[in-house]
Amino acid sequence: MNYLSIEELHKSFDERSLLDGVNFGIAQGQKIALVGVNGCGKSTLMKIIAGREEADKGHVAFREGIRMAFVPQSPSFNPEDSIRTSVFDADNSTLSLIRDYEYHLERSATDEKSAEKLQELIADIDSANAWDYESQVKTILGQLGLHDLEQKVGQLSGGQRKRISLARALIEKPDFLILDEPTNHLDLETIEWLEQYLSSANMALLLVTHDRYFLEKVTNHIIELDGGQIFQYYGNYGYFLEKKAEREAIEASEVEKAKNLYKKELDWIRRQPKARGTKAKYRVDAFDDVKKAAHKNLKKDELALSVQQRRLGGKVLELDKINKSFDGQPFVKDFSYIFQKKDRIGIIGPNGVGKSTFLNILTGTLEADSGEIDLGVNTHVGYYHQEEAIFDENARVIDVVKDVAEVVELADGSTLSASAFLNLFLFPPKMQYNVVAKLSGGERRRLQLLRVLIKNPNFLILDEPTNDLDLITLNVLEDFLSKFGGCLMLVSHDRYFMDRLVDHTFVFEGQGVIRDFPGNYSDYRVEVEEKEKARVEAAKSVEKEKTDWKTEQKNDQPKKKLSFKEQKEYEQLETDIEQLETQKEEIVALMNAGTGSHEDLANWAKEIEEINDTLEEKEMRWLELSEYAG
């Protein structure tokens, strides 16, 4: 069953064609990754499909009745709205019930009207059979770290707003979901949960992601946007790379053949009489097609990373008993480490545990509460921040670079002007004189990285460098970093990127504890899974030993008979339990009738709690005596 059909889609910006007659469809259950270099039009295509932008020409059609949800790269909300309002802002009666239930549940203990409304909502949710849905909503909000639902959106970071947008889309349970870089700003644990959720969800999916593990686990079909055209690959990322290379080789061969044919046809055209009517019309018409094929531009712009690196001295960086707390909460506790030349360290841990705080202490933008930081005299730190750099939107790209350096020294000792260096970073001369406001998210990230590398650092600290970068650029960045001769410290939610580049990790375990683990992220996950497996097996073993011991004790003892007093107690317990159950049913009926005051409801709830405690005690005693009752 086809969910989406796209026919002859065209879109241009500033005389640049992004979509040039794009055609494809997405069927029920298909999970598709959209790939392509930064600025090729991936986000534009997604926005057109989602109805956020209009195409210049073409047709986008969804199957009737299909529910679609879209999570953009940078979602926007009313800053005065609460998280609750933003998440549950959907035309869905069941969602409205869950939203109102959660709202009044929080207030029912202190607000009489909320307590009364809660009884009504409980009945409505029962009628709609929506308790499973309510449980799923709580799971999604919890996994995405959205707990204080009354917090204003205007107080949140861009990453937190992305989580709201993602939560809203998942809670709506759409038939067709569009995700633009869904893993940005998520910690590794949350990414693994989202990966599992999407791979098992019964929905069609179109996503842009730079996370290759995520892409491999979730998608089964890759669409590449290249030169305004769509190319489809029915397989994983490795298959895509293989077939893409084959396609480009075939294209190069076809262009070469077309060039040879073009020379022959051009010679024929020149030798014929000038009057077109005297020439074979079909051959003249075909000549235009041959000319177009022969002049097809197959040149690929690729990022070139090459900078001169300062030599490191004997001392790189030494940390001695570093401590940092906020409001009594420790984020770094008694941490010591001596950095060595060519250290390649990954940093992992959930969001909010202190990773960025630690990096800010290392770079001197934040002062530690105590401890010593000794930076070597020849150590020059380059720090790429997680948050997108704030540039003057009206400044020209080349001026942003010249503010740092007019000339750049490369690894081979040669020098380049700022303009030539920008060209290596895929900023051609025409783009260099554009204002920053015209850059895409990925292009801004490249500009931010350029400004870090232009200073020739020998100690690189990269905080989420993969956000908004395309897969081709990431491969180049990985190659550059794998050959980087200085120290490298890396925070990234891209597990493939981390695995390839680091050889040991600082694991932030909470409460300021930082553990130095001898391995990459995948090594760490294996250790965690093995420990969890061992813990479960140990728990099962202890439980089995307890059961076996109880069985042995029971078998070793002769069967006991109840004394006269115990027999009377046993009979009385049966009567007491029956009376307590009846009493409980009467109170529940009163609460459901909705006639009591707020004070009555509170008292009845307390009575039920006391009855439940008494019932549990009497039932346990009854079970104990029933083993020996005749």
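Heads up: the structure comes first, above all this text.
To start, this report covers the structure provided alongside it.

Each value, and the rule that gives it
Residues numbered from 1 in each chain as written. Predicted model: local features only at pLDDT ≥ 70, side-chain atom pairs only at ≥ 80, totals over all residues. Heavy atoms only, no water. Salt bridge = Lys/Arg side-chain N within 4 Å of Asp/Glu carboxyl O. Helix = DSSP H or I, 4+ residues; strand = E, 2+ residues; numbered from the N terminus. Expected span 1.5 Å × (residues − 1). Buried < 20%, exposed > 50% of the residue type's maximum accessible area, 1.4 Å probe, protein only. Contact = heavy atoms within 4.5 Å. Core = buried A, V, L, I, M, F, W, Y, C linked by side-chain atoms within 4.5 Å. 1 Å grid on protein atoms, 1.4 Å probe; cavity = no way out; pocket = protein on both sides within 12 Å on 5 of 7 lines; lining within 4 Å. Points joined across faces, edges and corners; volume = space filled by probe spheres on them. Nonpolar A, V, L, I, M, F, W, Y, C, P; charged D, E, K, R; others polar. Pairing = 2+ DSSP bridges. Axes fitted to C-alpha atoms, helices over the stretch in contact; angles between N-to-C directions.

## Things to note about the pattern of salt bridges
The full count for this structure, using the stated rule, is 27 salt bridges. Residue lysine 315 pairs with aspartate 374 through a salt bridge whose shortest N-O separation is 2.6 Å. Taken together, the positions of lysine 315 in the loop between helix H10 (281-294) and strand S10 (317-326) and aspartate 374 in strand S13 (residues 370-375) put the pair 59 residues apart, joining distant regions of the chain. Among the ionic pairs, arginine 535 bridges to glutamate 532, the shortest N-O distance being 2.8 Å. Of the two residues, arginine 535 and glutamate 532 are both situated in helix H18 (residues 521-556); the distance of three residues between them amounts to about one turn of the helix. Overlapping salt bridges, with partners in common, bring together Arg212, Glu478, Asp479, Asp494 and Arg500 in one network.

## Here we look at helix H15 (residues 441-453)
An α-helix turns once per 3.6 residues; consequently, residues spaced three or four apart project the same way. Here H15 spans 19 Å end to end across 13 residues, near enough to the 18 Å set by a 1.5 Å rise per residue. In terms of residue burial, H15 counts as a mostly covered element, since 11 of its 13 residues are buried. All buried positions along H15 are accounted for by Gly442, Glu443, Arg444, Arg445, Arg446, Leu447, Gln448, Leu449, Leu450, Val452 and Leu453. Close packing links the buried residues of H15 with strand S14 (381-384), helix H12 (397-402), helix H13 (418-424), helix H14 (429-432), strand S17 (459-463) and helix H16 (471-483).

## Notes on the nonpolar core
Formed by 43 residues in total, the largest nonpolar core has its most connected members in Leu422, Phe427, Leu447, Leu460 and Leu481. Those elements that provide at least two residues to this core are H12, H13, H15, S17, H16, strand S18 (487-491), helix H17 (495-501) and H18. The dominant element in this core, judged by the number of residues it contributes, is H15, at five residues. Leucine 460 has contacts with Gly382, Val452, Leu453, Phe480, Leu481, Phe484, Cys487, Leu488 and Met489, leaving out every residue within four places of it along the chain. Listed in part, the 42 residues of the second largest apolar core include Phe77, Leu95, Val137 and Ile140.

## As for the layout of surface pockets
Looking at the second largest pocket, its volume works out to about 910 Å³. Looking at the second largest pocket, it is lined by 42 residues, and the ones nearest its centre are His185, Asn351, Gly352, Lys355 and Gln386. Of all elements in the fold, only helix H5 (131-143), helix H6 (158-171), helix H7 (188-200), strand S12 (344-348) and helix H11 (355-362) reach the threshold of two or more residues within the lining of the second largest pocket. For the lining of the second largest pocket, the leading source of residues is H11, giving four residues. For the lining of the second largest pocket, the per-class residue count stands at 13 nonpolar, 21 polar and eight charged.

## Some words on the sheet that holds strand S8 (residues 221-226)
One open sheet holds the six strands; their spatial order is S5-S6-S7-S3-S8-S9, and the pairing between them is mixed. Strands with a single pairing partner mark the edges of an open sheet, and in this sheet they are strand S5 (68-71) and strand S9 (229-233). Between one strand axis and the next, the sheet turns by 15° as a mean value, whatever way the strands run. Sheet topology note: the strand S3 (residues 31-35)/strand S7 (residues 204-208) ladder contains three bridges and is parallel. Among the inter-strand pairings, lysine 31 is bridged to a residue of S7, identified as leucine 205.

## Concerning the environment of alanine 27
Structurally, the position occupied by alanine 27 is in strand S2 (residues 16-27). In the structure, alanine 27 is positioned 23 residues away from leucine 4 in sequence and 6.8 Å away in space, judged by C-alpha atoms. Those residues in contact with alanine 27 that sit more than four places away from it in its chain are Met1, Asn2, Tyr3 and Ala204.

## Regarding the environment of glutamine 229
Mapped onto the secondary structure, glutamine 229 falls in strand S9. Overall, the relative accessible area of 31% leaves glutamine 229 in the partly exposed class. For glutamine 229 and leucine 19, which are 210 residues apart along the polypeptide, the C-alpha to C-alpha distance reads 6.6 Å.

## Focus: the pairing of S17
In terms of burial, S17 is largely enclosed, as five of its five residues are buried. Side chains of S17 alternate between two faces, with Phe459, Ile461 and Asp463 and Leu460 and Leu462 buried alike. Summarising the sheet, S14 and S17 pair through four bridges and their orientation is parallel. Its bridge partner being in S17, tyrosine 383 is matched across the sheet by isoleucine 461.

## A word on the sheet that holds S10
Within a sheet, each strand pairs with its neighbour through backbone hydrogen bonds, oriented either parallel or antiparallel. Read from one edge of the open sheet, three strands run S11-S10-S13, paired in antiparallel fashion. Two strands bound the open sheet, and with one partner strand each, they are strand S11 (329-339) and S13. Neighbour to neighbour, the strand axes of the sheet diverge by 20° on average, direction disregarded. Across five bridges, the pairing between S10 and S13 is antiparallel. Bridge pairing in S13 links glutamate 318 to aspartate 374.

Functional significance is not addressed by these values, which are geometric in nature.
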